[in-house]
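Okay, here's what each chain looks like letter by letter:
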Amino acid sequence: MPTIKFVKEDVEVTAADGANLRQKAIDNRVDVYTFTGKMMNCGGYGQCGLCVVEITEGLDNLSPRTAVEEKKLKKRPGNCRLACQTLVNGPISVVTKPKKKK
């Protein structure tokens with residue numbers, strides 16, 4: 001079973017192959033949303049682009065970026081993902097609410 005390490009929160013959880021990253025975060029009380037995102041998120045459908053996370057380890061253990069992610073994350077580095085669109089297939093480390101790099 002894959003492990004997901006949420007770096008800032010110092011929380012490590014196990015997940016089934018193909019588990020949705022956003023759902024695993026919510027199930028384990030890890031907050032992926034900034035203040036605005038808490039009030040205006042789309043509920044995991046990829047429409048708002050507010051559940052951005054940075055993958056620091058295990059990028060190859062994730063599903064490929066979706067078309068929605070390519071559009072919403074075009075100004076972000078390749079290791080940024082939308083948690084709601086990301087399926088976990090192996091061990092990863094995640095930074096929630098990463099700062100936008102100028």
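Whatever comes next refers back to the structure up there.
Residue positions are given per chain, counting from 1 as you read along its sequence in written order. Local features are withheld for residues below a pLDDT of 70 in this predicted model, meaning they are given only at 70 or higher, and side-chain atom pairs are given and counted only at 80 or more; totals for whole chains, interfaces and linings count all residues. With hydrogens and water set aside, each side-chain value is computed from the structure's full complement of heavy atoms.

Overview of the pattern of salt bridges
For step 1, the next point in the chain: Any carboxyl oxygen of Asp or Glu that lies within 4 Å of a side-chain nitrogen of Lys or Arg is treated as forming a salt bridge with it. One pass over the structure, following the stated rule, counts five salt bridges.
For step 2, the next point in the chain: Here Asp 10 ties to Lys 5 by a salt bridge, and the two come within 3.1 Å at their closest N and O atoms.
For step 3, the next point in the chain: For the exposure calls, accessible area comes from a 1.4 Å probe over protein chains only, and a residue counts as buried if that area is under 20% of its type's maximum, exposed if over 50%, partly exposed in between. The exposure class of Asp 10 is exposed, given its relative accessible area of 61%.
For step 4, the next point in the chain: On the basis of relative accessible area, Lys 5 is assigned to the partly exposed category, the value being 27%.
For step 5, the next point in the chain: Asp 31 is the partner of Lys 38 in a salt bridge, and the nearest nitrogen-oxygen pair spans 2.6 Å.
For step 6, the next point in the chain: Since its relative accessible area comes to 45%, Lys 38 is described here as partly exposed.
For step 7, the next point in the chain: Look at the salt bridges and you will find they share partners, linking Asp 31, Lys 38 and Lys 97 into a network.

A look at the sheet that holds strand S1 (residues 3-6)
For step 1, the next point in the chain: Strand order in the open sheet formed by five strands is S2-S1-S7-S4-S5, and the pairing between neighbours is mixed. The sheet is open, and its two borders are formed by strand S2 (11-14) and strand S5 (80-82), each paired with just one other strand. Pairwise comparison of adjacent strand axes, ignoring direction, gives a mean angle of 35° for this sheet.
For step 2, the next point in the chain: Criterion used throughout: strands pair if DSSP finds at least two bridges between them. Helical segments are the DSSP runs of H or I of at least four residues, strand segments are the runs of E of at least two, and each set is numbered from the N terminus. Bridging between S1 and strand S7 (residues 92-96) involves three bridges; their strand directions are parallel. The partner of Lys 5 across the bridge, within S7, is Ser 93. Axis definition: a line fitted to C-alpha atoms, over the contacting stretch in the case of helices. Angles run 0 to 180 degrees between N-to-C directions.

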